[in-house]
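So the chains spell out like this:
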Amino acid sequence: MSKKALITGITGQDGSYLTELLLAKGYEVHGVVRRTSTLERSRLHHLYTDPAIYGQMLFLHYADLDDPTTLRRTLLRVCPDEVYHLAGQSHVGLSFEIPESTCEMTAMGTLRLLEMIRDLPAPPRLFHAASSEIFGRPTIDPQNESTPFNPVSPYGASKAFAAQMVRIYRETHLLFLANGILYNHESPRRGENFVTRKICSAAAAIRQGRQKELLLGDTTARRDWGDAEDYVRGMWMSLQQPSAQDYIFATGVLHSVQDVVETAFRAVDLDWRQYLRRDERFMRPAEPLKLVGDATRAKKVLGWAPTVDFEALITRMTLAELVP
């Protein structure tokens, strides 16, 4: 009998790759989607429009993290073996503009889900997508699962709350709950409001004459960037273990926004110096420092390791933006 998985945030970058992975492993996949005026689900389009998949092995349910009734009803109807909690307001810069809704969805939404799972007759295993932003300005690098939380953004603070509640519920209620502390991970499906996608898209558009310049804020900011499909694989592996614990998913290598720029423009044979312009509007109020992860536990316990390097990732993202 097929395992059942429920994914919150199924229409996002990670949710779409996770859906493909689970379907390939024979899962029956259920996704939580918000009811909106549009049915745009571009990352799932190839699955949603396939009658051999949708309604057979893939099912979407209208529910919302801030609507406990719909979420509880979905859990009771599906009775999943595994829950992958990926939903939330995930843009760090935007969280400064909408801190209340960020915390409501990301922090309180996770707590509500934990309470619902605790009350189920057969509680499923849960993977919670935490973030390197919980470390904010860490005192040590690289960071591991024991590094103290020190967030510097509303997004980081809400994720820190959610990750800590996962730990508390795991220890107090003896539930199988795992935090995956995910460092920045990208793909051609990355949202257009993220800096990596913005840079790759601009390089391709400039190459094809559809854009004239690229406006950015601080290009010295550094991150540990990996491939989204690698990290999604780690999510699944986290829930296949005899016991639950937290895992860092990271490459352990830092690159700057400037490195993204140079790699993307090199992929389309352009000199970035001719097109990059600095714009103060894109500067963040507080910038995390030296967020670089130590994935030793994931490597030893799960056998996980990243398979795509930085240059290959940014090159693939840039080439994917070229219009035929």
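Cut-offs applied
Residues numbered from 1 in each chain as written. Predicted model: local features only at pLDDT ≥ 70, side-chain atom pairs only at ≥ 80, totals over all residues. Heavy atoms only, no water. Core = buried A, V, L, I, M, F, W, Y, C linked by side-chain atoms within 4.5 Å. Buried < 20%, exposed > 50% of the residue type's maximum accessible area, 1.4 Å probe, protein only. Helix = DSSP H or I, 4+ residues; strand = E, 2+ residues; numbered from the N terminus. Contact = heavy atoms within 4.5 Å. Arc of directions from axis to C-beta. Polar contact = N/O pair within 3.5 Å; in protein donor to acceptor, adjacent residues only side chain to side chain. Pairing = 2+ DSSP bridges. Axes fitted to C-alpha atoms, helices over the stretch in contact; angles between N-to-C directions. Parallel < 35°, antiparallel > 145°, perpendicular 65-115°, else oblique. Nonpolar A, V, L, I, M, F, W, Y, C, P; charged D, E, K, R; others polar. Salt bridge = Lys/Arg side-chain N within 4 Å of Asp/Glu carboxyl O. Right-handed = clockwise from strand over helix to strand, strands pointing away. Phe/Tyr/Trp six-rings, centres within 6.5 Å; stacked < 30°, edge-to-face > 60°. Lys NZ or Arg CZ within 6 Å of the ring centre and 35° of its normal.

S.K.: Lay out the nonpolar core with the relevant residues and their values.
M.R.: By size, the foremost hydrophobic cluster in this structure holds 34 residues, and its most contacted members are Tyr 84, Phe 127 and Phe 249. In terms of residue count, the dominant contributor to this core is helix α8 (residues 228–238) (five residues). In this structure, Tyr 84 is in contact with Ala 5, Leu 6, Ile 7, Thr 8, Leu 18, Leu 22, Phe 127, Met 235, Trp 236, Leu 239 and Gln 240, ignoring residues within four places of it in sequence.

S.K.: I'd like a description of helix α11 (residues 310–320), backed by residues and values.
M.R.: Taken as a whole, α11 has its buried residues at Phe 310, Leu 313, Ile 314, Met 317 and Thr 318. Each buried residue of α11 sits inside an arc of 125 degrees when the element is viewed along its axis, so together they form one side. Of the surrounding secondary structure, the elements contacted by the buried residues of α11 are β7 (185–186), α7 (195–207), β10 (226–227), β12 (255–256) and α9 (257–267). The backbone nitrogen of Glu 311 lies 3.4 Å from a side-chain oxygen of the residue at the head of α11, namely Asp 309.

S.K.: With reference to specific residues and values, describe unusual backbone geometry.
M.R.: Here Asp 141 and Pro 142 are connected by a cis peptide whose omega angle stands at 0 degrees. Mapping Pro 142 onto the fold places it in the loop between β5 (125–131) and α6 (154–173). Phi is positive for Cys 79, which is not a glycine, with a value near 50 degrees. Turning to its location among the elements, Cys 79 is positioned in the loop between α3 (68–78) and β4 (82–85). The exposed category is assigned to Cys 79, whose relative accessible area is 53%. For Leu 174, which is not a glycine, the phi torsion comes out positive at approximately 55 degrees. Along the chain, the position of Leu 174 falls in the loop between α6 and β6 (177–182).

S.K.: An account of the sheet that holds β4 is needed here, citing residue identities and associated values.
M.R.: Taking strand neighbours across the sheet as the criterion, the seven strands line up as β3-β2-β1-β4-β5-β6-β11 in an open arrangement whose pairing is parallel. Both edges of this open sheet fall to β3 (58–62) and β11 (247–249), since each of them pairs with a single strand only. Recorded for the sheet is a direction-independent mean angle of 20 degrees between the axes of neighbouring strands. Examined bridge by bridge, β4 and β5 share four bridges and lie parallel to one another. Residue Glu 82 lies in a different strand from β5, and its bridge partner there is Arg 125. Relative to the sheet, helix α1 (residues 13–24) contacts β1 (4–8), β2 (28–33), β3, β4 and β6, its axis offset from that of β1 by approximately 175 degrees. Across the sheet, α8 is in contact with β4, β5, β6 and β11; its angle to β11 comes to roughly 165 degrees.

S.K.: Outline the packing of helix α5 (residues 99–119) against α6, supporting the account with residue identities and numerical values.
M.R.: Closest axis-to-axis distance for the α5/α6 pair is 8 Å, and the angle between their directions is 10 degrees. Classified by the angle between their axes, α5 and α6 sit roughly parallel to one another. The residues of α6 that touch α5, namely those facing Pro 99, Thr 102, Cys 103, Thr 106, Ala 107, Thr 110, Leu 111, Leu 114, Glu 115 and Arg 118, are Pro 154, Tyr 155, Ser 158, Lys 159, Phe 161, Ala 162, Met 165, Val 166, Tyr 169 and His 173. Partitioning the contact of α5 with α6 into residue classes produces twelve nonpolar, five polar and three charged.

S.K.: Outline the pattern of salt bridges, supporting the account with residue identities and numerical values.
M.R.: Applying the stated criterion to the full structure yields 17 salt bridges. For Arg 223, the salt bridge is made with Glu 133, and the minimal N-O distance between the two is 3.9 Å. Of this pair, Arg 223 sits in strand β9 (residues 222–223) while Glu 133 sits in the loop between β5 and α6, placing them 90 residues apart in sequence. By relative accessible area, which is 3% here, Glu 133 ends up buried. Put simply, Asp 230 and Arg 233 hold a salt bridge, and the shortest N to O gap is 2.9 Å. With Asp 230 and Arg 233 both in helix α8 and three residues apart, this pair spans about one turn of that helix. Via salt bridges that share partners, Arg 167, Arg 170 and Asp 246 belong to a single interconnected network.

S.K.: So what's going on with the pairing of β1? Residues and values would help.
M.R.: In terms of burial, β1 is largely enclosed, as four of its five residues are buried. Once the chain exits β1 it traverses α1 before rejoining the sheet at β2, and the crossover so formed is right-handed. When β1 meets β4, the two strands line up parallel, connected through four bridges. Within the sheet, the bridge partner assigned to Ile 7 lies in β4 and is Tyr 84.

S.K.: A description of the packing of aromatic side chains should follow, citing residues and the corresponding values.
M.R.: Summed over the entire model, instances satisfying the criterion amount to eight aromatic pairs. Between Phe 249 and Trp 304, the ring centres sit 5.1 Å apart and the planes meet at 80 degrees, which makes this aromatic pair edge-to-face. With Phe 249 in strand β11 and Trp 304 in the loop between α10 (296–302) and α11, this pair connects stretches of sequence that are 55 residues apart. The same class applies to Phe 249 as to Trp 304, namely buried. Put simply, the rings of Tyr 231, Tyr 247, Phe 249 and Trp 304 pair up and form one aromatic cluster. Note that Arg 125 overlies the ring of Phe 176, its terminal NZ or CZ placed 3.8 Å from the centroid.

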